[in-house]
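A closer look at the structure
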Amino acid sequence: MPTVRFQSGEMVMGRWPGSNLYYEVKVLRFSPKSQLYTVIYKDGTELELKDQDIKSATGFRTRSRSRSRSRSPARRRSRSRSPARITRRSSSRTAAVAAAAAITESTPNSRRDAKLKDVLEVRLKPLVGGPKTLIIFLFVGAYFWLLFLPAWVLFLLLQVTLVDPSLANFPPPLPPLETLFDGQALGIVLLWTLFQALLYILPVGKLSEGMPLRTGERLKYRTNGFFAIVVSAVAVAAAVYQGVDLTYIHSNFLQLAVASFLGSFLLSVYLYVRSRYVPPDQLALGGNSGNVVYDFFKGHELNPRIKNFDLKFFCEMRPGLIGWCVINFAMALAEMQEQHLEAPSHAMILVNLFQLLYVVDGLWNEEAILTTMDLMHDGFGFMLAFGDLVWVPFTYSLQAYYLVTHPNPLGLPALIAIVAIKLLGFYIFRMSNSQKNAFRRNPSDPKLAHLKTIPTATGKSLLVSGWWGVVRHPNYLGDLIMALAWSLPCGFSHLLPWYYMIYFIILLVHRNSRDMSECRRKYGSAWDEYCQTVRYRIIPGIY
Ligand SMILES: NC(=O)C1=CN([C@@H]2O[C@H](COP(=O)(O)OP(=O)(O)OC[C@H]3O[C@@H](n4cnc5c(N)ncnc54)[C@H](OP(=O)(O)O)[C@@H]3O)[C@@H](O)[C@H]2O)C=CC1
Ligand SMILES: CC(C)=CCC[C@@H](C)[C@H]1CC=C2C3=C(CC[C@@]21C)[C@@]1(C)CC[C@H](O)C(C)(C)[C@@H]1CC3
C-alpha cells in the first residue's frame, strides 16, 4: 500500500505539467483510486498531480551553481534588460538545457532559500477577486455562451435573408419552428461528414507527429487534408455535372445549419461522457472543473480518439472547413440564378477565391495546425465542436450569401487594391505561421540559424527576431488583413458582411490575451523578457 506523503492543506512545490517549473501549491486531497493529488495553484487553478511531480518545500533545492547565481533576483532583472541575454540560436539550445536543468530538486542547500524565492518569482499572477469569483464568472459564462452562440448563428442566418439586413430590422421574422428541422438536410450533413471521415482514414498522405504530450508521447495524425479537398472538389463538380442542384444549399441554409447544430451537440455529449472515463494525463488543463455545463462547453479530454481517428483534428480541419468552400461555391451558383448572370460577379469571385485560398493553404500546411493552441492545449467540447461544424461553415460563408441578393459592382482599381491587400495579408500569415512551425518542429533547423531566441526554463526557446520579433502574433496580423480583403468586395451598404471582421478582431484579441497568460505561466520571466523586447501584440506601433 503506497504511503500518502502529503496531507490536505500542506504547502508543497508542484511541477507545472509539461515543464520543469515548480510552483508553490496547496494540497487539497489525495485520491487513493487514481493515486493523484489534487492541488491548487495561487491563481486558483486546480490540477491533479502525480506523486513524483510534487516536492516538499523544504527539500526543494537547486543543482546548478551558475544558474543559481545568474538567476538571483537583482541579477535577473539586469540580465533581462541586457541584449546579451538574447542568444543566437547556436548557443540557445545549450542555454535552454541549462535552464531546464536548473530548476530541479536536489543537492546541498546553502542557496536553498534564494533558489526557492527565485523559482517562485515565476509565480502565477494572482487573480483579482480570488478564485471563487473567477469560478462563478466562468460557470455563468459557460451557460451564457452555450445559449448565446446558437442563438447568434440563428440571428445572423435570418438577417442575411432580409432585403435590408440592418439592425433597424431587429428582430428578424422567425420562421415556424417545425420548418427548421428537415430530415433531408440532416441526411446530407451526415453523408458529407461520413464522406470526409472516409477520406481522412484512407492511407493516403503523410503521417505527421504532434507535439509531445505531458506523458512525453507524440500522437500521429494523417495529414491528407489537401488530398481530401481535391477529391471533394472533384466529387462536387461531378455531382453538379450530373444535374445535382447545389443551390439547394442556399434555399435550405437554415435547415442545414440546424442539422449541423444537432450533430455538434450530440458529438459534444459523447465527448463529455467519454471524458469522464479517461486517465487524468489525457485531460486538458482546464475544462475539469467538476461543473457539468462548464466542462461540457469547454471540453475535458485533450485528444479524444477512436482508435487512430482523432476527433478534434478531424472536426477542425475537414467537414466544416471544406464544407465552407462548397457553400461558397453554391452561393456563386445561386447568385447567377437569382441575378440571371452568365458568370458570378467579380465580388463573388473574389470572395470565393480568397476564402478557397485560405482553406486550401490551411490544408496544404495541415501539419502546422499541430502546433496551434487548439490542438496543443484545448480540450474538445461543445465550444470547438460547434465552432468547427456550425460556426465556421455557416457564418464564415455569410459574405458569399450576402452577395447572392446584394450585388456590389467593383471597378478595376478597387479589384486590384483588394487583391493586393489579400496577398499582403496572406504573405504575413503564411510566413509567420511557417516560421514558428518550423522552429517548434526542429529548433536546430539550419534555415532558422540566423534567428535570435530566448531560452526558457522548460527547455523550449522563444523566437525574438524574424516575424516573431515584429509583433507577438504576426500570424494574427496577416489573418486580420486577409479578413479585411474578404469584406471589402461586399461594399459598405450593410454591417453584415463586415461581421466576420468585427468578430475576428474580438476573437484574436481574446486569443492573444489567453495565449499571453498561458505563455506567462509556462515560461515565467523568459516570457516577460520576450514581451519587453517585442512590445506590440498584433499591430506594430499600435496594439
Ligand atoms: N480563421 C479563424 O477563425 C481562426 C484562425 N486562426 C489562425 O490560426 C493560426 C494559429 O493560431 P493560434 O493557435 O491562436 O496561435 P499561434 O499559432 O500563434 O500559437 C501560439 C503559440 O505559439 C507559441 N509561441 C508564441 N510566441 C512564440 C515565439 N516568440 N516563438 C516561438 N513560439 C511562440 C506558443 O506555444 P508553445 O511555446 O507552447 O509552442 C504559443 O502558445 C493563426 O494564424 C490564427 O490567425 C486562429 C483562430 C481562428
Ligand atoms: C465562437 C466560437 C464558437 C469559437 C470557436 C473558434 C473556432 C471557430 C476557431 C478556433 C481556431 C480555429 C482555427 C481555424 C478555423 C476556426 C477555428 C476552429 C482554422 C482551421 C482556419 C484555417 C486556417 O488556415 C487555420 C488552419 C490556421 C485555422 C486554425 C485555427
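The shown structure was predicted, so the numbers you read here are calculated from the model rather than taken from an experiment. (Residues numbered from 1 in each chain as written. Chains lettered and ligands numbered in written order. Predicted model: local features only at pLDDT ≥ 70, side-chain atom pairs only at ≥ 80, totals over all residues. Heavy atoms only, no water.)

**Considering the overall build of the protein chain**
Definition in use: A helix here means a DSSP run of H or I that spans at least four residues, while a strand means a run of E at least two residues long, and both kinds are numbered starting from the N terminus. Throughout this description, buried means an accessible area under 20% of the type-specific maximum (1.4 Å probe, protein chains only), exposed means over 50%, and partly exposed covers the range between. Here, Shrake-Rupley sampling with a 1.4 Å probe gives the accessible areas, and only protein chains in the shown set may cover a residue.
Helix and strand counts for the protein chain come out as 20 helices and 12 strands. Residue burial in the protein chain is summarised as follows: out of 543 residues, 51% are buried. When the accessible area of the protein chain is evaluated, it comes to approximately 25,700 Å², of which 65% is carbon and sulfur surface.

**Considering a nonpolar patch on the surface**
To keep things clear, this is the line we draw: Here a patch means residues that are over 30% exposed by relative accessible area and free of salt bridges, tied together within 9 Å if like-charged and within 5 Å if nonpolar (Val, Leu, Ile, Met, Phe, Trp, Tyr). What makes a salt bridge here is a side-chain nitrogen of Lys or Arg within 4 Å of a carboxyl oxygen of Asp or Glu, nothing more.
A contiguous nonpolar patch, built from F265, L266, V269, V273 and Y277 and spanning about 520 Å² of accessible area, is present on the exposed surface. Within the element layout of this structure, V269 appears in helix α9 (residues 253–275). Looking at V269, the relative accessible area reads 34%, which means it is partly exposed.

**Quick notes on the site of ligand 1**
Stated precisely, the cut-off is as follows: Definition of nearness: a residue and a molecule or strand are near each other if at least one heavy atom of the residue lies within 4 Å of the molecule or strand. Contacts described as polar in this section are N or O atom pairs within 3.5 Å, which, within protein, must combine one atom able to donate a hydrogen with one able to accept it, while residues neighboring in sequence count only if both atoms come from side chains. Following the grouping adopted for this structure description, the nonpolar residues are Ala, Val, Leu, Ile, Met, Phe, Trp, Tyr, Cys and Pro, the charged ones are Asp, Glu, Lys and Arg, and the polar ones are all others, Gly among them.
The environment of ligand 1 is made up of 27 residues, and the closest members are Y396, R440, Y476, D479 and Y523. Contact between ligand 1 and K436: an oxygen atom at 2.6 Å from a side-chain N or O atom of the residue. In isolation ligand 1 offers 920 Å² of accessible surface; the protein chains occlude 93% of this area. Put simply, the parts of the chain that give the shell around ligand 1 at least two residues each are α14 (373–376), α17 (412–441), β12 (461–463), α18 (474–487) and α19 (499–523). Tallying contributions element by element places α19 first for the shell around ligand 1, with eight residues. Looking at the shell around ligand 1 residue by residue, the class counts come to 15 nonpolar, four polar and eight charged.

**Digging into the confidence of the model for the protein chain**
Convention followed: Confidence scores labelled pLDDT are given residue by residue by the predictor and lie between 0 and 100. Any pair of residues with heavy atoms lying within 4.5 Å of one another is described as a contacting pair.
Here the protein chain averages 83 in pLDDT, while 83% of its residues score no lower than 70. The model gives residues 61–130 a pLDDT under 50, and that stretch makes 123 contacts with residues more than four places away or in other chains. For this predicted complex, the interface confidence comes out at an ipTM of 0.97, alongside a pTM of 0.80.

**Here's the deal with the site of ligand 2**
Looking at ligand 2, there are 15 residues lining it, with E316, I369, D374, D388 and R511 nearest. In isolation ligand 2 offers 630 Å² of accessible surface; the protein chains occlude 87% of this area. The set of elements that each furnish at least two residues to the shell around ligand 2 consists of α11 (311–317), α13 (346–364) and α15 (382–395). Considering each element in turn, the shell around ligand 2 owes the most residues, five residues, to α15. Across the shell around ligand 2, the residue classes break down as nine nonpolar, two polar and four charged.

**As for the side chain of D361**
With respect to the element layout, D361 can be found in helix α13. Judged by its relative accessible area of 7%, D361 is buried. In this structure D361 touches F426, F429 and R430, once residues within four positions along its chain are discounted.

**What to know about the packing of α17 against α18**
This is how the line gets drawn: As a rule, the C-alpha atoms of each element are fitted with a line to give its axis, helices using only the stretch in contact, and angles between N-to-C directions run from 0 to 180 degrees. Angles below 35 degrees are treated as roughly parallel, those above 145 as roughly antiparallel, those between 65 and 115 as roughly perpendicular, and all remaining angles as oblique. We call a crossing left-handed when the near helix sits turned anticlockwise from the far one by less than a right angle, and right-handed when that turn is clockwise.
One can describe the packing of α17 onto α18 by two numbers: an axis separation of 7 Å at closest approach and a directional angle of 155 degrees. Comparing their axes, α18 and α17 come out roughly antiparallel. The two elements α17 and α18 cross, and the hand of that crossing is left-handed. Contacts between α17 and α18 involve I418, I421, K422, L424, G425, F426, I428, F429, S432 and N433 from the first element and P474, N475, L477, G478, D479, I481, M482, L484, A485 and W486 from the second.

**Here we look at the pairing of strand β3 (residues 36–40)**
Convention followed: Two strands are said to pair when DSSP picks up at least two bridges between them.
Counting buried positions over the five residues of β3 gives five, a clear majority of the element. Side-chain alternation along β3 places L36, T38 and I40 on one buried face and Y37 and V39 on a second face that is also buried. In this sheet, β3 lies alongside strand β2 (residues 22–31) in antiparallel orientation, the contact comprising five bridges. Note on β3: the bridge partner recorded for S31 is L36.

**Things to note about the UniProt feature "transmembrane region" (unreviewed entry) in the protein chain**
Here is the rule: UniProt positions are given in the numbering used here, feature names are shortened, and annotations may be inferred rather than shown by experiment.
In the numbering used here, UniProt assigns the feature "transmembrane region" (unreviewed entry) to residues 134–163, 183–202, 223–241, 253–273, 380–404, 410–429, 449–468 and 480–509. Annotated as 95% helix and 0% strand, the span residues 183–202 places its first and last C-alpha atoms 29 Å apart. Along residues 253–273 the backbone is 100% helical and 0% strand, and the end-to-end C-alpha distance reaches 30 Å.

**A short note on the pattern of salt bridges**
One pass over the structure, following the stated rule, counts 12 salt bridges. Close ionic contact of R218 with E209 constitutes a salt bridge, the shortest N to O distance being 3.5 Å. When its relative accessible area of 33% is taken as the criterion, R218 is described as partly exposed. Taking the relative accessible area as the measure of exposure, E209 reaches 32% and is therefore partly exposed. Taking the shortest distance from any N to any O, the salt bridge between D528 and R520 comes out at 3.0 Å. Note on D528: relative accessible area 30%, which makes it partly exposed. Assessed through its relative accessible area of 24%, R520 is described here as partly exposed.

**Thoughts on the environment of L174**
Assignment of secondary structure puts L174 in the loop between α5 (130–159) and α6 (183–201). Taking the C-alpha atoms as reference, L174 lies 9.2 Å from L154; in sequence the two are 20 residues apart. Setting aside anything within four residues of it in sequence, one finds L174 in contact with L154 and L158.

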